[in-house]
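One letter stands for each residue in the lines below.
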Amino acid sequence: MPNTLPALPELLSPAGTLKHLRYAFAYGADAVYAGQPRYSLRVRNNSFKNGAALAEGIAEAHARGKQFYLASNVSPHNDKVRSYLRDLAPVIELGPDALIMSDPGLILMVRERWPEQPIHLSVQANAVNYATVEFWRRQGIQRVILSRELALEEIREIRERVPAMELEVFVHGALCMAYSGRCLLSGYMNHRDANQGACTNACRWDYKPVSARADDSGDLIPVRQQDSLLLEEPNDPARTLALHEDEHGTYIMNSRDLRAVQHVQALAEMGVHSLKIEGRTKSVYYAARTAQVYRRALDDAGAGRPFDMALMDDLEALSHRGYTEGFFRRHPPQAYQHYEAGTAALGSQQLVAEVIGANDHWLTLAVKNRFELGDPVMLITPDGNRRFRLDRLENQHGDAIPVAPGDGHVVRIPRPEGPGDDALAFAMLVRCLEPNARRHPSPASHLTQSLR
C-alpha cells in the first residue's frame, strides 16, 4: 500500500530529566518537552531547575537534529507576572524550539519582547473549536495543543478550517476529570494549586468511606470504617459506582489513562503535526517504552501497513490505571471493547535492571527489582526487543548466583545476539510476569518477537 500521508507527525515525548530525554530520543521520539522551573505545571518534580541542565538538554536535542520544547504554561498570579520576563530571558538565550504557554498576558509579554520566539498554545488554554484556533493563529501562535475532550471528527474539522495552524494532539498518558487539568481539588484540600504547578493528585488518593455521626455542634465525627460504598445513579438505578480505591485505582474521582495508539494512522492522515505522550514525572522505562511503541505505530502508518493490535498489548504491560481512548470515539468497535473493560495483563512486565556495560560475551546490569534464574525476561533496546529465559546469572566477580536480590546490586548475564553496542547503551531488562497469554499474537511483526 503506498504512503498517502501528507507528512508523518512528530512524536513528542516527556522529558522529566536529561536521562528521560536521552532514552526518549534513543527509542524514537522526534521531540521532547520539559518544564520551566516556577512557570510550568510540574514545579514539584522538575530536574531542569538550573540553567546548566536546561542548556545541556537543549544542546543535546539540537545535536541529534531533534526539537526541545519548554512548558511555560502556569496560570500566574501577579507575583509571577512581575518576575516572568526576568526569569525567562536567560532561557530564551538557550534556544528552545518553542515555548508552551497558556496565559494570554504572558503570551502578550513574550510576543512583545521576543517576537521571533515560536509559541505553542498549551492544552491548558482549552482550545476545543476552529474559531478559537483561528483566533490564536491571528495572535502569532505557531501551534495549538488541542484539548483532550475532542472527538476525531472535531479534530479533522479544525484541521480543515484552519489549515495554516499546526495542531498537536495527546495520544497517551494520564487524563484529568477536570477540563484539561483545570482542577481545584488539590488547592482546596491541600492548599497546593494545580494551576500553579503544585498539584498533589488528590483525585488519585486511596479514599475509603467512613461512617459518621453528628456531635452536639453538628459536626460529623467518624465512627468506623466501612469496606466499601456504592453510589446509585438516579437516572439508572441498576448502575452503581464504587466510591473506594483498590489496587487498580479509583472509580469516581479520576479517569483511566489515555491510550490512542490505534488512532495514530487516522490522526496522521488528517495532517496533525504532533502526537504527544504525557508523563514528565513517570519513569525512564515509561518514556522509552511509550516512544518505542508509538514510533512503531507511526512508522507502520507511514509505510502503509495496517495497525498491529499487538501494540495495544505492549502498552498494557506498562503500569497504568486502566486504559480508555478518551473522547476520540463515542463507541469503540467490538475489537477494542475488551481493552476498554480492563485486562488481567495489567502490569505483566516489570523493569528489573538497566544495562550499564557490555563486552562481547556479557551484559553488566544495575538491578532495579528482584529477578532470578529461570525467569522469562525481555531485553528492550532501541533496535528491537528479545525474549529469552534467563539461564545464567553472575555477580561482578564472575561467581554464579541464583538471584539478583534487588535495587543497588550489580550482576551479569550472557549477551544475546543482535543488538549492537549503541543500542545496548539504552537497553533495559524486564521480567515477563505473563499472568495470561497475549490476546493477539502476531509473531511476524510483534515488537517483542524480533529485532528490527
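All values reported here derive from a predicted model rather than from experimental measurement.

Visitor: So, helix α9 (residues 284-303): which residues are in play, and what are the values?
Guide: Taking 1.5 Å per residue, 20 residues should reach 28 Å; α9 reaches 28 Å between its end C-alpha atoms and fits that length. Most of α9 sits inside the fold, with 18 of its 20 residues counted as buried. In the stretch just after α9, G304 is the one whose phi turns positive, near 80°.

Visitor: Can you break down the sheet that holds strand β25 (residues 428-432) residue by residue, with the values?
Guide: Here 7 strands make up an open sheet; going across it, the order is β21-β20-β25-β17-β18-β24-β22 and the pairing antiparallel. The sheet terminates laterally at β21 (384-389) and β22 (394-395), the two strands that pair on one side only. Sheet topology note: the strand β20 (residues 376-381)/β25 ladder contains 4 bridges and is antiparallel. Bridging across to β25, M378 finds its partner in V430. This element, α9, spans β17 (349-358), β20, β21 and β25 of the sheet and lies at about 75° to β20.

Visitor: Explain the packing of helix α1 (residues 18-26) against helix α2 (residues 51-63) to me, and be specific about the residues and the numbers.
Guide: Two elements in contact, α1 and α2, have axes whose closest approach is 10 Å; the angle formed by their N-to-C orientations is 10°. When the axis of α1 is compared with that of α2, the two are roughly parallel. Seen from α1, the contacting residues are L18, L21, R22 and F25; seen from α2, they are A53, E56, G57, E60 and A61.

Visitor: Before we move on, can you summarise the nonpolar core with the specific residues and values?
Guide: In this structure, F68, V133, V144, L146, I155, V261 and L267 are the most contacted members of the largest nonpolar core, which totals 92 residues. Formed by 18 residues, the second largest nonpolar core is a distinct cluster that contains V352, V355, V377 and L393.

Visitor: Talk me through the side chain of Q349; I want residue IDs and the actual numbers.
Guide: For Q349, the location among the structural elements is in strand β17. Under the relative-accessibility criterion, Q349 is labelled buried at 6%. A distance of 3.3 Å separates polar atoms of two side chains, one belonging to Q349 and the other to Y285.

Visitor: An account of the pattern of salt bridges is needed here, citing residue identities and associated values.
Guide: On inspection of all chains with the given rule, the structure shows 25 salt bridges. Each of E10, R143, E166, E168 and K276 takes part in one network of salt bridges that share partners.

Visitor: Provide a residue-level description of helix α4 (residues 104-113), including the pertinent values.
Guide: Looking at α4, one finds that the buried residues are L106, I107, M109 and V110. For α4, the angular spread of the buried residues around the axis is 160°, confining them to a single face. The elements touched by buried residues of α4 are α3 (78-94), β4 (98-101), β5 (119-121) and α5 (130-138). Structurally, the start of α4 carries an N-cap: the backbone nitrogen of G105 is 3.1 Å from a side-chain oxygen of D103.

Visitor: If you had to explain the packing of α1 against α9 to someone new, which residues and values would you point to?
Guide: Where α1 meets α9, the axes come as close as 8 Å, and the angle between the chain directions of the two elements is 20°. Judged by the inter-axis angle, α1 sits roughly parallel to α9. Classified by chirality, the crossing of α9 by α1 is right-handed. On α9, the residues touching K19, H20, Y23 and A24 of α1 are V284, A287, A288 and A291.

Visitor: Could you give an account of unusual backbone geometry, naming the residues involved and the relevant values?
Guide: Even without being a glycine, R38 presents a positive backbone phi close to 75°. Tracing the backbone shows R38 in the loop between β2 (31-35) and α2. In the Ramachandran plot, N126 falls in the positive-phi region, its phi being about 60° despite a non-glycine side chain. Note that N126 resides in the loop between β5 and α5. Classification of N126 by relative accessible area gives buried; the value is 17%.

Visitor: If you had to explain the packing of aromatic side chains to someone new, which residues and values would you point to?
Guide: Enumeration according to the criterion identifies 4 aromatic pairs in this entry. Between Y23 and F426, the aromatic rings sit 5.1 Å apart at their centres with planes inclined by 85°, giving edge-to-face as the arrangement. Taken as a pair, Y23 in helix α1 and F426 in the loop between α12 (421-424) and β25 lie far apart in primary sequence, 403 residues in all. Accessibility assignment for this pair places Y23 and F426 in one class, buried. Arranged with centres 5.1 Å apart and planes meeting at 80°, the rings of Y39 and Y84 form a pair that is edge-to-face. With Y39 in the loop between β2 and α2 and Y84 in helix α3, this residue pair connects regions lying 45 residues apart in the sequence. For Y39, a relative accessible area of 1% translates into the label buried. Given a relative accessible area of 0%, Y84 falls into the buried group.

Visitor: So, the environment of E157: which residues are in play, and what are the values?
Guide: Mapped onto the secondary structure, E157 falls in helix α6 (residues 152-161). Once the C-alpha coordinates of E157 and M270 are considered, the two residues, 113 residues apart in sequence, prove to be 9.2 Å apart. At 2.9 Å, the side chain of E157 and the side chain of R161 are in polar contact.

Visitor: Describe the pairing of β20, naming the residues involved and giving the relevant values.
Guide: Along any regular strand, the residues point their side chains to alternate faces of the sheet. Burial runs high along β20: 5 of the 6 residues are buried. Hairpin connection of β20 to β21: 2 residues between the antiparallel strands.

Visitor: Before we move on, could you go through the environment of L108 and cite the residues and values that matter?
Guide: Relative to the assigned elements, L108 resides in helix α4. Looking at L108, the relative accessible area reads 48%, which means it is partly exposed. It is 8.8 Å that separates the C-alpha atoms of L108 and Q139, two residues lying 31 residues apart in sequence.

Visitor: Would you mind going over the environment of G28 in detail, with residue names and values included?
Guide: Relative to the helices and strands, G28 resides in the loop between α1 and β2. Overall, the relative accessible area of 12% leaves G28 in the buried class. G28 sits 16 residues away from L12 along the chain, and the two C-alpha atoms are 9.4 Å apart. Contacts of G28, omitting those with residues within four sequence positions, involve L11 and R295.

Cut-offs used in this document
Residues numbered from 1 in each chain as written. Predicted model: local features only at pLDDT ≥ 70, side-chain atom pairs only at ≥ 80, totals over all residues. Heavy atoms only, no water. Helix = DSSP H or I, 4+ residues; strand = E, 2+ residues; numbered from the N terminus. Expected span 1.5 Å × (residues − 1). Buried < 20%, exposed > 50% of the residue type's maximum accessible area, 1.4 Å probe, protein only. Pairing = 2+ DSSP bridges. Contact = heavy atoms within 4.5 Å. Axes fitted to C-alpha atoms, helices over the stretch in contact; angles between N-to-C directions. Parallel < 35°, antiparallel > 145°, perpendicular 65-115°, else oblique. Core = buried A, V, L, I, M, F, W, Y, C linked by side-chain atoms within 4.5 Å. Polar contact = N/O pair within 3.5 Å; in protein donor to acceptor, adjacent residues only side chain to side chain. Salt bridge = Lys/Arg side-chain N within 4 Å of Asp/Glu carboxyl O. Arc of directions from axis to C-beta. Left-handed = near helix turned anticlockwise from the far one by under 90°. Phe/Tyr/Trp six-rings, centres within 6.5 Å; stacked < 30°, edge-to-face > 60°.

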